[in-house]
Amino acid sequence: MKPRPAMKIKGTTILVLLIFLFLGTLPFYMPMFRVSLFGKYMCFAIVALGLDMIWGYTGILSLGHGVYFGLGAYCMAMYLKLEASGGALPDFMQWTGMSALPTFWKPFANPVFAIAMAVLVPMALAILIGYLTFLNKIRGVYFSILSQAMAMIMSTLLIGSQAYTGGSNGLTDFKTIFGKSISSPVTKIQMFYATLIALVLIYGVCRFLTGRRVGRVLIAIRDGENRAGFAGYNTASYKVFVYALSAVIAGIAGALYVGQVGIISPNEVGITPSVEMIIWVAIGGKGTLAGPILGALAVNGFKTIASENFPELWSYFIGVLFVVVILWLPGGFVSLKEVPGRIRHALEVRKNEKPRETENFVSEEKQSRAH
């Protein structure tokens, strides 16, 4: 029975390597439009990895991770907007009647500062929320509702602060990134591979952590937090750590997303995208690292295909896919390899039950004759 986990790790590792190989060779045989789409999907896969760390390994269901994704994206978008404005006041600020650039916007003209903030701002907010909730023993569905409320508040705040955030339109109309044209095919290829490298590195960090003592403690918290606490572990500190780590990962994904897509708006920060992120992890297979990557790529690819061919019905296809996976593949896509074994087991059970039914029928017949 012991070799089974090792086989599982080996199988998921091979799956991840195949995914990375597929992504790395995409620009050689796919049109630029599809390459850009997969660049966006990889950003979603990065978010899914962070969610898997807190949900799959620690048992914390966050329904508000769109907030951290959006914060990282807005930090990067502020730099891109200032670069596109060429030293002038951004257009949306002019439309709202502002005459000078807000003080907190000025440092974002520096790309290093913007990238640092895309990491530090989500981390700081996650640490604050984590300490306020986990130290006060808020867990389970209560934390999920709280995180969902946070997403709603952040989305409303961004829409209401039109003079500073662009309101419901968000930040867009970027021209360059690090001095290079954002619409250039060369720049798009560079952004694609930068996102792929980030995905590989973040997967490596998550894999390293889950394979060490901290990973075993996170699993212990997921399976029985009280028992982990009685064993001497400060479970709140571990939960704050992994929650902040997942927020940083989401912030990095958001910063890369802006460069890929060229826009960020409150629609990417609210409740709906946060729930979709959970769906990617659930469909791919939580607690595996490989599953969330596969889930994010597969679900969004399927979403694109369905919306292109059935523009009015694509949301129903996604719903059916989610229901089918939950009912027939509770372990997600990564559990597909277990389906043949489950079918064989069911057939064997059914085969063994038939002789028993026959024996029971014969014994009942004999008893009736004896009477």
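In what follows, the structure referred to is the one given above.
Each value, and the rule that gives it
- Residues numbered from 1 in each chain as written.
- Predicted model: local features only at pLDDT ≥ 70, side-chain atom pairs only at ≥ 80, totals over all residues.
- Heavy atoms only, no water.
- Helix = DSSP H or I, 4+ residues; strand = E, 2+ residues; numbered from the N terminus.
- Expected span 1.5 Å × (residues − 1).
- Bend = angle between axes of the 7 residues up to and from the residue.
- Buried < 20%, exposed > 50% of the residue type's maximum accessible area, 1.4 Å probe, protein only.
- Contact = heavy atoms within 4.5 Å.
- Polar contact = N/O pair within 3.5 Å; in protein donor to acceptor, adjacent residues only side chain to side chain.
- Salt bridge = Lys/Arg side-chain N within 4 Å of Asp/Glu carboxyl O.
- Phe/Tyr/Trp six-rings, centres within 6.5 Å; stacked < 30°, edge-to-face > 60°.

Draft legend 1. Inspection of helix H5 (residues 111-134) at higher detail. For H5, which comprises 24 residues, the first-to-last C-alpha distance of 34 Å matches the rise-based estimate of 34 Å (1.5 Å per residue) to within 8%. Along H5, the sharpest kink reaches roughly 30 degrees, centred on Met-117. Of the positions making up H5, those classed as buried are Ala-114, Met-117, Ala-118, Pro-122, Ala-126, Ile-129, Gly-130, Thr-133 and Phe-134. Buried-residue contacts for H5 involve helix H3 (66-85), helix H6 (141-160) and helix H10 (235-261). The backbone nitrogen of Val-112 lies 2.9 Å from a side-chain oxygen of the residue at the head of H5, namely Asn-110.

Draft legend 2. Molecular detail of the environment of Asp-91. By secondary structure assignment, the location of Asp-91 is in helix H4 (residues 91-95). Judged by its relative accessible area of 23%, Asp-91 falls in the partly exposed class. In this structure the C-alpha to C-alpha distance between Asp-91 and Gly-39, which are 52 residues apart in sequence, comes to 28 Å. The contacts of Asp-91, once residues within four sequence positions are left out, are Lys-81 and Asp-173.

Draft legend 3. A look at the pattern of salt bridges. Under the criterion given, the structure shown has seven salt bridges. A salt bridge links Asp-223 to Arg-222, with the nearest nitrogen and oxygen atoms 3.0 Å apart. Where salt bridges share partners, they join Arg-139, Glu-225 and Lys-239 into one cluster.

Draft legend 4. Just the packing of aromatic side chains, in detail. One pass over the full model with this rule turns up 19 aromatic pairs. Ring plane angle 45 degrees and centroid distance 5.8 Å describe the contact between Phe-104 and Tyr-164, whose orientation is recorded as tilted. One end of the pair, Phe-104, is in the loop between H4 and H5; the other, Tyr-164, is in helix H7 (residues 162-165), with 60 residues separating them in the sequence. Judged by relative accessible area, which is 39%, Tyr-164 ranks as partly exposed. Among the aromatic residues, ring-to-ring pairing joins Phe-44, Phe-69, Tyr-257 and Trp-280 into one connected group.

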